[in-house]
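A closer look at the structure
The residues making up each chain are set out below.
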Amino acid sequence: MKIALWWLCGLALAFAGANAHDPYMTPVRGWSVPVLALAGLGGLLVHLRGAPRRPLLALLWAAVSLSALGAEGVYQTRKASVLAARGPLAAELGSRFIVGYTRFEEVEVLAARGLIGGVFVSRRNLKGRSAEELRDEIGRLQEIRRRAGRPPLRVAADQEGGIVSRLSPWLPQRPAPAALAELPPAERRAAARRLGAEQGRDLASLGVTINFAPVLDLRVDRPSNPLDFNSLIAKRAISSDPAVVGEVAAAYARGLAEAGIHPTLKHFPGLGRVASDTHHFRAVLPDSRETLEATDWRPFRRVLAENPQALLMVGHVVLGAVDPDRPASHSRRVIDGLLRRDWGYDGLVVTDDLVMTPVYQYGLCRAVEEALNAGVDLLLVAFDGRQFYRAMACALESSRRGALDPAALAASRERLRREPSAGGPASALGDSALHERALAFGQR
């Protein structure tokens, strides 16, 4: 029994060591590698000095130390290669990433060298600090960009209101747009626009330029899923009625834009019908295109037509009717085919956080390459910002192999150039230009 326990502990620790830089290890990453290395060394010494000696068990405990040190070595090598990247290629690919961080030093050099296009801020950036300190930090990052002769960073936040208010209570805790759904139509439109404007001003006071809101997923009645730890769409969705969702979301997005904040419509192709939590589990949306066009996609169509400055976030659900082989977030059939060609959408597409299990199961490198070739403009690495080095290294390697589509990159480059990272309300486009784009998209 005692020997079996040694084997089980050794196998578990060796696995942990080999995955020391994976996202699920984030809570213990600061100390996991040295602790695992010392634990492996201790276990090895115990079995070398034991009687009788068990060489296979000793090798297993040696593997604990080696796996942890090897994972650290791979991470540091990958990080060094990314930081050494220079020139137009590095800037081109780096501009596609929005990265979460905990400490200023983690992104300072990335911002200065043009290796990222934006940052994601949340509660962890405010822990033990004030909103004013975060505002000053964002200002320092933007000043670093200005001195380096680079465009301003896109600064994104996840401030939906209600249960997803990642910058509260430092910013005011405001209700979610869903709280307005039962008001009379004219009243709810006015209230949603006012809520968007208030939330937009809150975010603008920190230097945020993009809000990952509003949620356009439909509310679908179903038994609660005990394994739904993060998605919680039933608690975040505005309504089960596509018309109400579109109406409230369009007004809310307009309010954000009036305050100088780019709204982000999420999570296309819709998570309302999906029972699984796509943060942790693979999920398939099996419904036909005809069904989805008549229901779940109506709010997306409407809000994009009325708010052409909005970004569109594509989630990690598999859209079975279009591409059953990969999540929508990096599907060329979904992004270039359905959104760009069929719908005629020519705004910015951002992935949901790539640090989610469905992407890792598929393979982060493969997902990054496919997303860039599909026409995704911004790749989000939010929960574990250190995964940026892996994702960026993948992008650089794909480019070196000639695996990236030059036409897709050029089209994305033009969209990023056209849609500024920061600036006046709605976008740099004038009101007439916005109106023309809205009409063109809505008529498709």
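Right, let's talk about unusual backbone geometry for a bit. A cis amide bond, omega 10°, links serine 168 with the succeeding residue proline 169. Relative to the assigned elements, proline 169 resides in the loop between β5 (164–165) and α7 (185–204). Note that the residue after phenylalanine 268, namely proline 269, is joined by a cis bond; omega there is 5°. When you line up the elements, proline 269 lands in the loop between β7 (262–268) and β8 (284–285).

Moving on to the pattern of salt bridges. Counted according to the given criterion, the structure contains 37 salt bridges. Glutamate 92 is paired through a salt bridge with arginine 96; the nearest N and O atoms lie 3.2 Å apart. Side by side, glutamate 92 and arginine 96 carry an identical accessibility label, which is buried. Glutamate 369 is the partner of arginine 401 in a salt bridge, and the nearest nitrogen-oxygen pair spans 2.6 Å. Of the two residues, arginine 401 is situated in the loop between α15 (387–400) and α16 (406–418) and glutamate 369 in helix α14 (residues 364–374); the sequence distance between them amounts to 32 residues. The network of salt bridges with common partners includes Asp158, Glu160, Arg166, Arg236 and Lys266.

The full count for this structure, using the stated rule, is nine aromatic pairs. With a centroid separation of 5.4 Å and an interplanar angle of 90°, the aromatic rings of phenylalanine 268 and phenylalanine 300 are classed as edge-to-face. In this pair, phenylalanine 268 is assigned in strand β7 and phenylalanine 300 in helix α11 (residues 298–306), connecting sequence segments 32 residues apart. What makes phenylalanine 300 buried here is its relative accessible area of 0%. Counting every residue linked through ring pairs, the aromatic cluster contains Tyr75, Phe97, Phe388 and Tyr389. The ring of phenylalanine 104 carries arginine 140 above its face, with NZ or CZ at 4.0 Å from the centroid.

Calculation rules
Residues numbered from 1 in each chain as written. Predicted model: local features only at pLDDT ≥ 70, side-chain atom pairs only at ≥ 80, totals over all residues. Heavy atoms only, no water. Helix = DSSP H or I, 4+ residues; strand = E, 2+ residues; numbered from the N terminus. Salt bridge = Lys/Arg side-chain N within 4 Å of Asp/Glu carboxyl O. Buried < 20%, exposed > 50% of the residue type's maximum accessible area, 1.4 Å probe, protein only. Phe/Tyr/Trp six-rings, centres within 6.5 Å; stacked < 30°, edge-to-face > 60°. Lys NZ or Arg CZ within 6 Å of the ring centre and 35° of its normal.

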